Amino acid sequence: MSVTIKSEKEIEYMRDAGKILAQVHEQLSEIIEPGITTMEITKKGEEFIRNAGAYPSFKGYEGYPEAICVSINDEVVHGIPCEEHRLFEGDIVSLDAGVEYKGYQSDAARTYGVGKIDEESERLIRVTRESFFKGIEYARAGNHLYDISRAIQKHAESQGFSIVRDLCGHGIGKVVHEEPAIPNFKPWFKRGIKLVPGMTLAIEPMVNAGTRKVWILDDDWTVITRDGKKSAHYENTILVTENDPEILSL
């Protein structure tokens, strides 16, 4: 396994990419409302990214056609935007986006409620976000990678939800997906690599209201829950330091 350690200059570029991506998510959060189409969301997202002098990392990545992954309700990740899909009152929608700036990447995801949502959906979104922050408490030099994984799993499952095991977080840098793979559950009898300063990681809990099992649709991208229950996603790009991790996409 080859894990890249970033220089101060590389970290600065990734900070810049992260700031742009945080602004993109902030701007997108303001247009989430009943009636908007998923295509309108991705077009706005791409416009925001390009106006900031950056490039939408996901567009064309391994054939993915749009700038923003837009996943509704039981869609876990990688939903493909289209003109026919509209958001309705009570939906939840996950937006996953990547930004490339001066050759370096940032990756972040958020789940939003559309209009007024039920209490269980609100709790799912909240617990997913909390799971991320529980995980990164362990993202510091000297700890092991799966310390993060264990903390994410423990919090989500303690709240009665399940963790998706077929998808994971990842290293990030000059490309969107680098080593190491970062599961959101702790593999049996493994600790993972030791964390050192300069590692940049995309930590991304994907939490389901029901079963952890998923399907991939015929479009070869959209991942859905097998039982049709809702799923939420929360992700940031972080930097490992000697002390607390630095979140580059907030």
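Given the structure is predicted, the values throughout are model-derived calculations rather than measurements. (Residues numbered from 1 in each chain as written. Predicted model: local features only at pLDDT ≥ 70, side-chain atom pairs only at ≥ 80, totals over all residues. Heavy atoms only, no water.)

Draft legend 1. Up close: the sheet that holds strand β3 (residues 75–77). The three strands are arranged β3-β12-β11 in an open sheet whose pairing can be described as antiparallel. What marks the edges here is a single partner per strand, and that holds for β3 and β11 (214–216). On average, adjacent strands in this sheet sit at an angle of 40° to one another, irrespective of strand direction. In terms of strand pairing, β11 meets strand β12 (residues 223–225) through three bridges, oriented antiparallel. Its bridge partner lying in β12, Trp-215 is registered against Ile-224. (Pairing = 2+ DSSP bridges. Helix = DSSP H or I, 4+ residues; strand = E, 2+ residues; numbered from the N terminus. Axes fitted to C-alpha atoms, helices over the stretch in contact; angles between N-to-C directions.)

Draft legend 2. Inspection of the confidence of the model for the protein chain at higher detail. Scored by pLDDT, the protein chain comes out at a mean of 97, with 100% of its residues at no less than 70. Element-level mean pLDDT values for the protein chain span from 97 in strand β8 (residues 178–182) up to 99 in strand β13 (residues 231–233). (pLDDT = per-residue confidence, 0-100.)

Draft legend 3. Helix α4 (residues 145–158), seen in detail. In this model, α4 (14 residues) spans 21 Å end to end at C-alpha, consistent with the 20 Å of a helix rising 1.5 Å per residue. Of all the 14 residues making up α4, ten are buried; the element is thus mostly covered by neighbouring parts of the structure. All of the buried residues in α4 are Leu-145, Tyr-146, Asp-147, Ile-148, Ser-149, Ala-151, Ile-152, Gln-153, His-155 and Ala-156. For α4, the secondary structure elements touched by its buried residues are α3 (119–136), β6 (162–163), β8, β9 (200–203) and β10 (206–208). Trailing α4 by a residue or two, Gly-160 shows a phi angle of about 90°, which is positive. (Expected span 1.5 Å × (residues − 1). Buried < 20%, exposed > 50% of the residue type's maximum accessible area, 1.4 Å probe, protein only. Contact = heavy atoms within 4.5 Å.)

Draft legend 4. Representation of the sheet that holds β13 within the structure. One open sheet accounts for three strands, arranged β6-β10-β13; its pairing is antiparallel. One side of each edge strand has no neighbouring strand; the edge strands of this open sheet are β6 and β13. Across three bridges, the pairing between β10 and β13 is antiparallel. Residue pairing for β13: Met-206 is matched across the bridge by His-233. Strands in contact with α3 are β10 and β13; relative to β13, the strand with the most contacts, it is inclined by about 35°.

Draft legend 5. Inspection of the packing of aromatic side chains at higher detail. One pass over the structure, following the stated rule, counts six aromatic pairs. Relative to Trp-221, the ring of Tyr-64 has its centre 5.1 Å away and its plane inclined at 80°; by these criteria the two rings are edge-to-face. You can see Tyr-64 sitting in the loop between β1 (55–56) and β2 (68–72) and its partner Trp-221 sitting in the loop between β11 and β12, a full 157 residues away along the chain. Taking relative accessible area as the criterion, Tyr-64 reaches 2% and is therefore assigned buried. On the numbers, 5.7 Å between centres and 40° between planes, the contact of Trp-188 with Phe-189 is tilted. Within the aromatic cluster, the residues linked to one another by ring pairs are Phe-132, Phe-133 and Tyr-234. (Phe/Tyr/Trp six-rings, centres within 6.5 Å; stacked < 30°, edge-to-face > 60°.)

Draft legend 6. Region of interest: the side chain of Arg-110. Its place among the elements puts Arg-110 in strand β5 (residues 104–113). Glu-235 provides the closest opposite charge to the buried, salt-bridge-free Arg-110, at an N-O distance of 7.2 Å. Within the structure, Arg-110 has its side chain in polar contact with the backbone oxygen of Ser-249 (distance 3.4 Å). Beyond its immediate stretch of four places on either side in the chain, Arg-110 contacts His-25, Val-93, Ser-94, Leu-95, His-233, Tyr-234, Glu-235, Asn-236, Ser-249 and Leu-250. (Lys, Arg positive; Asp, Glu negative; His and termini not counted. Salt bridge = Lys/Arg side-chain N within 4 Å of Asp/Glu carboxyl O. Polar contact = N/O pair within 3.5 Å; in protein donor to acceptor, adjacent residues only side chain to side chain.)

Draft legend 7. Summary view of the nonpolar core. The biggest cluster of nonpolar side chains holds 27 residues, and the ones touching the most others in it are Ile-148, Leu-201, Ile-203 and Ile-238. Leave out the neighbours within four places in its chain, and Ile-203 touches Phe-132, Ile-136, Ile-148, Ile-152, Ile-182, Tyr-234, Glu-235, Asn-236 and Ile-238. Core analysis: the next-biggest nonpolar cluster, separate from the first, contains 25 residues, Ile-20, Ala-67, Ala-97 and Tyr-101 among them. (Core = buried A, V, L, I, M, F, W, Y, C linked by side-chain atoms within 4.5 Å.)

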